[in-house]
Amino acid sequence: MSQPALYRELAPWFHLLTHPGEYAEEAETYRALLVEGARRPVRTVLELGSGGGNNASHMKAHFRLTLVDLSEDMLAQSRALNPECEHIQGDMRTVRVGRTFDGVFVHDAIDYVTTEAGLRAAIATAYEHCAPGGVALFVPDHVRETFEESTQHGGNDGRTRALRYVMWTWDPDPCDTEYVADFAYLLRDETGSVRAVHDRHVCGMFERATWLRLLADAGFEPEVVPARHDEAEGSEIFMARRPGS
């Protein structure tokens, strides 16, 4: 799984690119789906690929969260934002925490899984950590059927620093399972100096049928559910229930 500069040396800038406050509506959507989808009360949630902890900063009011991410630099950002949550360094394809949870949440970090074998492994991790009657929620940015090239921009000001970005999402080869998100960052530091950085994110994209097949193969009862927030344009959410109660 690739580690773009944003998740390594640029991790201290992460919350200027995407601020936790921007996630309130989105996180509420995921909270509601976890509660609605499970056949048991949802008190504990494992987030695989938790990044800088933006969703967790809202969901921690409702669940006891365990946050797993591959990047120690990103975990440091999340620990500062969410000190009350448990943080574990690990790869979502291989990590084993040693216990089950009422819910498993996998946000857009799943995009960095670029092969079907890797996706199968990540789904197996979610299944192993999902208690009977629990639910796993997978939220990839794109599926093959609805992908469209796009350009976005944004950024935020901090107390002494600021960031602006352009993100260009495109697909070099429609016949494979990858697409590219090229970021251009403008970083203004405490002295007022501005530098530009290009950061390429190579991401995975799979057909809807592939998702549903792999989830069912793992033992889940999967379905596609509509996303109910403003950031959901073009995305699909896969709700996967583990049988039992």
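Residues numbered from 1 in each chain as written. Predicted model: local features only at pLDDT ≥ 70, side-chain atom pairs only at ≥ 80, totals over all residues. Heavy atoms only, no water.

## Side note on the sheet that holds strand S7 (residues 162-170)
With antiparallel pairing, four strands are arranged side by side in an open sheet as S6-S7-S8-S9. Only two strands of the sheet have a single neighbouring strand rather than two, namely strand S6 (150-157) and strand S9 (194-204). For this sheet the average axis-to-axis angle between neighbouring strands, irrespective of direction, equals 15°. Judged from the 11 bridges that link them, strand S8 (residues 178-188) and S9 form a sheet pairing that is antiparallel. Following the sheet pairing, Arg188 is matched in S9 by Val194. (Pairing = 2+ DSSP bridges. Helix = DSSP H or I, 4+ residues; strand = E, 2+ residues; numbered from the N terminus. Axes fitted to C-alpha atoms, helices over the stretch in contact; angles between N-to-C directions.)

## A short note on the pattern of salt bridges
Per the counting criterion, the structure on display carries 16 salt bridges. For the salt bridge of Glu116 with Arg213, the shortest nitrogen-to-oxygen distance reads 3.0 Å. Separated by 97 residues along the polypeptide, Glu116 in helix H5 (residues 116-129) and Arg213 in helix H6 (residues 208-218) bring together distant segments of the chain. In this structure Arg213 comes out as partly exposed when scored by relative accessible area, which is 36%. (Salt bridge = Lys/Arg side-chain N within 4 Å of Asp/Glu carboxyl O. Buried < 20%, exposed > 50% of the residue type's maximum accessible area, 1.4 Å probe, protein only.)

## What about the sheet that holds strand S1 (residues 44-48)?
Within the open sheet, the seven strands sit side by side as S3-S2-S1-S4-S5-S11-S10. Their pairing is mixed. The open sheet has two free edges, formed respectively by strand S3 (86-89) and strand S10 (221-225), since each of these has just one partner strand. This sheet shows a mean twist of 20° between the axes of neighbouring strands, independent of strand direction. By the bridge criterion, three bridges tie S1 to strand S4 (residues 101-106) in an arrangement that is parallel. When the bridges of S4 are listed, Leu46 appears paired with Val104. Along the sheet face, H5 touches S1, S4 and strand S5 (130-138) and points at about 145° away from the line of S5. (Contact = heavy atoms within 4.5 Å.)

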